Amino acid sequence: QAKAAGRNTHRLFDPGMQASVTARAALESDLRRALAEDQFLLHYQALVDDNGQLTGAEALLRWQHPERGLVPPGEFITLAEDTGLILPLGQWALETACSQLARWAQDPTLKHLKIAANVSARQFRHSDFVAGVLRALANSGADPHRLKLEITESLLLEDVEEVIEKMRQLRARGVSFALDDFGTGYSSLSYLKRLPLDDVKIDQSFVRDVLVDPNDAAIARTIVALADTLGLRVIAEGVETREHWEWLSRHGCHTHQGYYFGRPGPVASIQEALAKWTFPSHRGARPVPVNPGPD
Ligand code: C2E
Ligand code: MG
Ligand code: MG
Ligand code: MG
């Protein structure tokens, strides 16, 4: 016991650890400044259905850092959550996504598109969350039916009743919900049954090797079967090749997202994706299983 405490005390003064504490503090003050100076932006990634039709886009946060360039969310979201900065940042992302929806609504060729926005557990649990979403919708004039919120299984670690109640309030206004990164979290299947969801997203870690790894293929098929039973639609993420798309379509995924259809990019890239992934002119792009085989 004393020995363990001694080691911990020693660690507290470990120069490597001190360096990481300093780096964290620097990143935190950088993040605060970034919010104040408007250095965040959203990139958008195409969502395409089985017919090769663009149905919407996922909004993905980026940080345009003055020295480091474009920083992906993996490098700052966790710290933003730990510090609470995710609250203003997440609200900014929702407002920006809703403003984009309102702009698309002015264009007959774009007004059918949905935007899926990511919501972190801490943001969702905040008492102002529902009001914040409704405010973003009202201030922009965006149609709530075009907004989808992506939540993760980590939400289910605490008060599930409260999660369900908030989802119900937003769904009553027309907002839809997807469970992101499905299969990587800790959720119990009995919770999954009770959540008022619209979609589940198969995590890209199962999609990557779905054509070569029988275990991943089995997991993907199981998720589709489970979703079908619960009346949920399935979105596959990490679709990088035509072969991925064909396999996933054939096995019951309804919507597809990944580098094959386009990388996340500025909003103009969605207009380009629309030209490429539009029914019926690209009907030939529809995946037709030549020989489905016994799998
Ligand atoms: P996510 O919601 O699961 O988003 C999908 C991630 O997979 C994105 O990474 C996307 O760029 C990447 N991706 C898409 N297609 C492919 C593909 O074909 N292959 C591979 N290898 N990767 C692909 P990104 O943009 O770096 O975002 C990472 C995570 O950061 C997101 O994962 C999400 O959890 C979080 N995030 C992004 N924007 C927000 C936000 O506004 N709020 C919150 N709370 N989290 C966000
Ligand atoms: Mg997502
Ligand atoms: Mg995801
Ligand atoms: Mg993911």
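Everything below is about the structure printed above this text.
Procedures and definitions
- Residues numbered from 1 in each chain as written.
- Chains lettered and ligands numbered in written order.
- Predicted model: local features only at pLDDT ≥ 70, side-chain atom pairs only at ≥ 80, totals over all residues.
- Heavy atoms only, no water.
- Near = heavy atom within 4 Å.
- Polar contact = N/O pair within 3.5 Å; in protein donor to acceptor, adjacent residues only side chain to side chain.
- Areas by Shrake-Rupley, 256 points an atom, 1.4 Å probe, with all protein chains shown as cover.
- Helix = DSSP H or I, 4+ residues; strand = E, 2+ residues; numbered from the N terminus.
- Donors = N, O, S within 2.8 Å, 3.2 Å for Na, K, Ca; no water.
- Buried < 20%, exposed > 50% of the residue type's maximum accessible area, 1.4 Å probe, protein only.
- Expected span 1.5 Å × (residues − 1).
- Arc of directions from axis to C-beta.
- Contact = heavy atoms within 4.5 Å.
- Pairing = 2+ DSSP bridges.
- Right-handed = clockwise from strand over helix to strand, strands pointing away.

A. Inspection of the site of ligand 1 at higher detail. Around ligand 1 there are 23 residues in total, and R62, D180, Q204, E240 and Y259 lie nearest to it. A distance of 2.7 Å separates an oxygen atom of ligand 1 from a polar side-chain atom of Q204. Y259 is positioned with one of its backbone polar atoms (N or O) 2.8 Å from an oxygen atom of ligand 1. Protein coverage of the free-state accessible area of ligand 1, which is 800 Å², stands at 82%. Of all the elements in the fold, those that place two or more residues in the shell around ligand 1 are β2 (54–65), α4 (86–104) and β6 (176–182). If one sorts the elements of the shell around ligand 1 by residue count, β2 sits on top with 4 residues.

B. Examining the coordination of the magnesium ion (ligand 3) more closely. In the first shell of the magnesium ion (ligand 3), the protein supplies D180 (OD), D181 (OD) and E237 (OE), at 1.9 to 2.7 Å from the metal. Donor residues for the magnesium ion (ligand 3) sit on one chain with the sequence pattern D-D-x55-E. Here the magnesium ion (ligand 3) and the magnesium ion (ligand 2) are spaced 3.6 Å apart, and both take D180 as a donor. Of the two residues, D181 is situated in strand β6 and E237 in strand β8 (residues 233–237); the sequence distance between them amounts to 56 residues. A relative accessible area of 24% places D181 in the partly exposed class.

C. Broad picture of the coordination of the magnesium ion (ligand 2). Each protein donor to the magnesium ion (ligand 2) is listed here as E58 (OE), N118 (OD1), E150 (OE) and D180 (OD); together their distances run 2.0 to 2.2 Å. Motif for the magnesium ion (ligand 2), donor spacing along one chain: E-x59-N-x31-E-x29-D.

D. The arrangement of helix α10 (residues 214–230) in detail. For α10, with 17 residues, the first-to-last C-alpha span of 24 Å sits near the 24 Å given by 1.5 Å per residue. Listed as buried for α10 are D216, A217, A220, I223, V224 and A227. Considered in projection along α10, the buried side chains sweep an arc of 125° and stay on one side of the axis. Away from its buried face by more than 90 degrees, α10 exposes P214, N215, T222 and T229. On its buried face, α10 sits against β6, β7 (199–202), α9 (204–207), β8 and α11 (242–250). Looking at where α10 begins, the residue whose side-chain oxygen comes 2.8 Å from the main-chain nitrogen of N215 is D213. In the stretch just after α10, G231 is the one whose phi turns positive, near 75°.

E. Spatial organisation of the pairing of β8. The element β8 is largely enclosed, with a buried count of 4 among its 5 residues. Bridge count between β7 and β8: 4 bridges; the pairing is parallel. Within β8, the position partnered with V200 by the bridge is V234. Considered for its hand, the β-α-β crossover made up of β8, α11 and strand β9 (residues 255–257) is right-handed.

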